[in-house]
Amino acid sequence: MPDPLQPVLGGDAPFDATADEIETRAELDVHLAKNTLAGLCVLGLRLDRDPPDLTGVDVRETMFVGCHLAGPEAEIDLIRRGAHVIPPFDERPYPTHPALLYTPEDLSAGFAGHGFAGMFDTLVYQHFVAHGGAVPDIREALSQRLHDAGIDNALGKALNEWAHAHGPGGAIGIMGGHAAARGSDPYRMAASLAQRLAASDRLIVTGGGPGVMEAANLGAYFASRTAAELGDAIDLLSVAPHFMDHDPYTATALSVRRSYPLADLDVAGRLRHGGLALPTWLYGHEPANLFAGQIGKYFSNAVREDSILRLARGGIVFAPGWAGTVQEIFQAATKTFYVTDGPSGAYVFLGTEHWSGLPVADLLRSLLARSPHGDQSGLVVVTDSLDEAVAALSQ
């Protein structure tokens, strides 16, 4: 599959927004023609396949991160000539330093032949659990940190692509319960709202899980289709409503993608048609959300949660949820209270009945009214109306 971040195949222009990073062999060849890689970072390349001739190339202060080299001699030669080599951890099922975000195709690889148990996403989760889960040994911890640093870097590049195509307007986070069944009212509301927002060029950001999160990415996936088509897709998904039924849940998602395929899109196009998902292997027992356009899957849940809330400065939608959603509400509120990442968009609580029984909105208003940067309680909106939600998020 061609790399969507590489629109040029030569010349002096960088292949993406990062002129000092090399993520493809084609980009590497451009620099090799100049006989210098000095000061650059080469990320995750298979240099053991058709090995390039590096013997006469200036590699002073070059970083080779997660690259497979032709052998120990090649690695020793690079180090002797001033390069820094951070090798991949070959026994891991995941890349030590991914240069790009994941796609649904990446995470679901292996499902066709081996089902949920044999897909890439599940194999990485099994490895994560077998190596200590949230408390890995030092070797595994270092490998996971390198991986997550790669995801951070790739996320920045993807967001640069989005901003270049659509401007710097704030992304909208959509949060809510992972247990919301496909076809339920919360699921349909989240999907419909996300479809409307994505159609107006707002970037949808979710935690990448099932339930409301899948619904939001599904709605964004249908950004260029009709509301009726989205409703038909939800009906198809509803035959496998619960995410713990791993194989049928995943199979129906892949079937809907085949029934409603996307064109060959660049990164900005993928983000518009599916949005951004930032899941974690800490919750790897949950099937991968296969409707997101780009997926930044992390090992560190703390980094992932902070990234979602840091990005969602154009407003956050809270569909019905419980402890995890309430935690996210006040984690986001801290950033808004102190204006940590700049001005905040609206806090939209979908589902008046749910949020009247769990009255966090009242506490949030009282908190934001006391912000040192002025009364921000007006950001809080509790509604059952998608029109009202869209209006609040469009200000």
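Not measured: the values here are computed from a predicted model.

> Give me the overall build of the protein chain: which residues, what numbers.
The secondary structure content of the protein chain amounts to 16 helices and 11 strands. Taking 21 Å as the expected radius of gyration for a compact globule of 395 residues, we find that the protein chain reaches 22 Å, a close match to that expectation. Each principal axis of the C-alpha distribution contributes one length, and for the protein chain these read about 70 × 50 × 40 Å. Looking at the protein chain as a whole, 55% of its 395 residues qualify as buried. Expressed as a percentage of contacts within the protein chain between residues at least 6 apart in sequence, the contacts between residues at least 24 apart total 64%. Counting every atom, the protein chain has about 16,400 Å² of accessible surface; 57% of that belongs to carbon and sulfur. Each charge sign in the protein chain was given a centre, from 27 positive and 47 negative side chains, and these centres are 1 Å apart.

> Please set out the sheet that holds strand E3 (residues 63-65) residue by residue, giving values where relevant.
Ordered in space as E1-E2-E3-E4, the 4 strands form an open sheet in which the pairing is parallel. Lying at the two open borders of the sheet, with one neighbouring strand each, are strand E1 (21-22) and strand E4 (84-86). Pairing between strand E2 (residues 41-43) and E3: 3 bridges, direction parallel. Paired with Cys41 across the strands is Met63, a residue of E3.

> Describe in detail the pattern of salt bridges, supporting the description with residues and values.
As a working rule, side chains carrying opposite charge can pair if their charged atoms are close by. In total, this model carries 18 salt bridges according to the counting rule given. With a shortest N-O distance of 2.8 Å, Glu140 and Arg92 are connected by a salt bridge. Note that Glu140 is positioned in helix H6 (residues 138-166) and Arg92 in the loop between E4 and helix H3 (104-107), a separation of 48 residues in sequence. Here the two residues Glu140 and Arg92 agree in accessibility, since each one is buried. The salt bridge involving Asp362 is made with Arg365; its shortest N-O contact spans 3.2 Å. With Asp362 and Arg365 both in helix H15 (residues 360-368), this residue pair falls 3 residues apart, about one helical turn. For Asp362, a relative accessible area of 46% translates into the label partly exposed. Through salt bridges with shared partners, one network takes in Glu21, Glu23 and Lys157.

> Go over the packing of aromatic side chains, please, and point to the residues and values.
Considering all chains together, one arrives at 12 aromatic pairs under this definition. Three or more aromatic residues joined by ring pairs make a cluster, and in this case those are Tyr94, Tyr102, Phe120, Phe128, Trp281 and Phe299. Seen from the ring of Tyr249, Arg182 lies directly overhead, with NZ or CZ sitting 3.4 Å from the centre.

> Any details on empty space enclosed by the protein? Residues and values, ideally.
Counted under the stated rule, the structure contains 1 cavity of 30 Å³ or more. Approximately 80 Å³ is the volume found for the largest cavity. The wall of the largest cavity is formed by 13 residues, among which Gly208, Gly209, Pro279, Tyr283 and Glu286 lie closest to the centre. For the lining of the largest cavity, a count of residues per class yields 6 nonpolar, 4 polar and 3 charged.

> An account of the side chain of Lys335 is needed here, citing residue identities and associated values.
Structurally, Lys335 is set in helix H13 (residues 323-338). In this structure Lys335 touches Asp306, Leu309, Arg310, Arg313, Thr340 and Asp341, once residues within four positions along its chain are discounted.

> Account for the sheet that holds strand E5 (residues 172-175), naming residues and giving values.
Read across the open sheet, the 7 strands follow the order E8-E7-E6-E5-E9-E10-E11; overall the sheet is parallel. Two strands bound the open sheet, and with one partner strand each, they are strand E8 (294-295) and strand E11 (380-383). Taken together, the 3 bridges between strand E9 (residues 316-318) and strand E10 (residues 347-350) define a ladder with parallel strand orientation. Opposite Phe318, over in E10, you have Phe349 as the bridge partner. This element, helix H8 (residues 212-221), spans E5, strand E6 (204-206) and strand E7 (276-277) of the sheet and lies at about 155° to E6.

> Pulling in residues and values, what's your account of the layout of surface pockets?
There is about 450 Å³ of room inside the second largest pocket. Residue lining of the second largest pocket: 24 residues in total, with Gly176, Gly177, His178, Gly324 and Thr325 positioned closest to the centre. Of all the secondary structure elements, the ones that give two or more residues to the lining of the second largest pocket are H8, helix H12 (301-311) and H13. When residues in the lining of the second largest pocket are grouped by element, the largest group, 5 residues, is from H13. Taken together, the residues of the lining of the second largest pocket break down into 11 nonpolar, 9 polar and 4 charged.

> Explain the side chain of Asn289 to me, and be specific about the residues and the numbers.
Structurally, Asn289 is set in the loop between E7 and E8. Reaching out from Asn289, the side chain makes a polar contact with the backbone oxygen of Met213 at a distance of 3.4 Å. Only 3.1 Å separates the side chain of Asn289 from the backbone nitrogen of Phe291, close enough to count as a polar contact. Leave out the neighbours within four places in its chain, and Asn289 touches Thr206, Gly208, Gly209, Met213, Glu214, Asn217 and Ile295.

What counts as what
In this convention, every chain numbers its residues from 1, walking through the sequence in written order. In keeping with the model being predicted, local features are shown solely for residues with a pLDDT of at least 70 and side-chain atom pairs are shown and tallied solely at 80 or more, while totals for entire chains, interfaces and linings include all residues. Values shown for side chains rest on all heavy atoms present in the structure; no hydrogens or waters enter the calculation. Working definition: helices are DSSP H or I runs of at least four residues, strands are E runs of at least two. Numbering for both runs from the N terminus. Using C-alpha atoms as the atom set, the radius of gyration is obtained and then compared with a globule rule of 2.2 Å times the number of residues to the power 0.38. Note on classification: 1.4 Å probe, protein chains only; a residue is buried when its accessible area is under 20% of the maximum for its type, exposed when over 50%, partly exposed between these limits. For this analysis, residues touch if any pair of their heavy atoms sits within 4.5 Å. For the area figures, the Shrake-Rupley method with a 1.4 Å probe applies, and any residue is considered shielded solely by the protein chains shown. For the charge count, each Lys or Arg is scored as positive and each Asp or Glu as negative, with His and the chain ends excluded. For the purpose of locating charges, the reference atoms are NZ of Lys, CZ of Arg, CG of Asp and CD of Glu. Two strands are said to pair when DSSP picks up at least two bridges between them. Think of a salt bridge as a Lys or Arg side-chain nitrogen and an Asp or Glu carboxyl oxygen that are within 4 Å of each other. Pairing of aromatic side chains requires ring centres within 6.5 Å, counting the rings of Phe and Tyr and the six-membered ring of Trp. Pairs whose planes differ by under 30 degrees are stacked, by over 60 edge-to-face, and all others tilted. Geometrically, a charge over a ring is one whose NZ (Lys) or CZ (Arg) sits within 6 Å of the ring centre while staying within 35 degrees of the ring normal. Using a grid of 1 Å spacing that covers the protein atoms alone, one calls a set of points a cavity when a 1.4 Å probe fits there but cannot get out, and a pocket when the set is open and has protein on both sides within 12 Å along at least five of seven lines; lining residues are those with an atom within 4 Å of a point. Grid points are joined across faces, edges and corners, and a volume is the space filled by probe spheres set on the points. Residues were grouped as follows: Ala, Val, Leu, Ile, Met, Phe, Trp, Tyr, Cys and Pro as nonpolar; Asp, Glu, Lys and Arg as charged; and all remaining residues, including Gly, as polar. Helix axes are fitted only over the stretch in contact, all axes being lines through C-alpha atoms; the angle between N-to-C directions runs from 0 to 180 degrees. Any pair of nitrogen or oxygen atoms within 3.5 Å is treated as a polar contact; in protein, a donor-acceptor pairing is required on top of that, and neighbouring residues in sequence qualify only through side-chain atoms on both sides.

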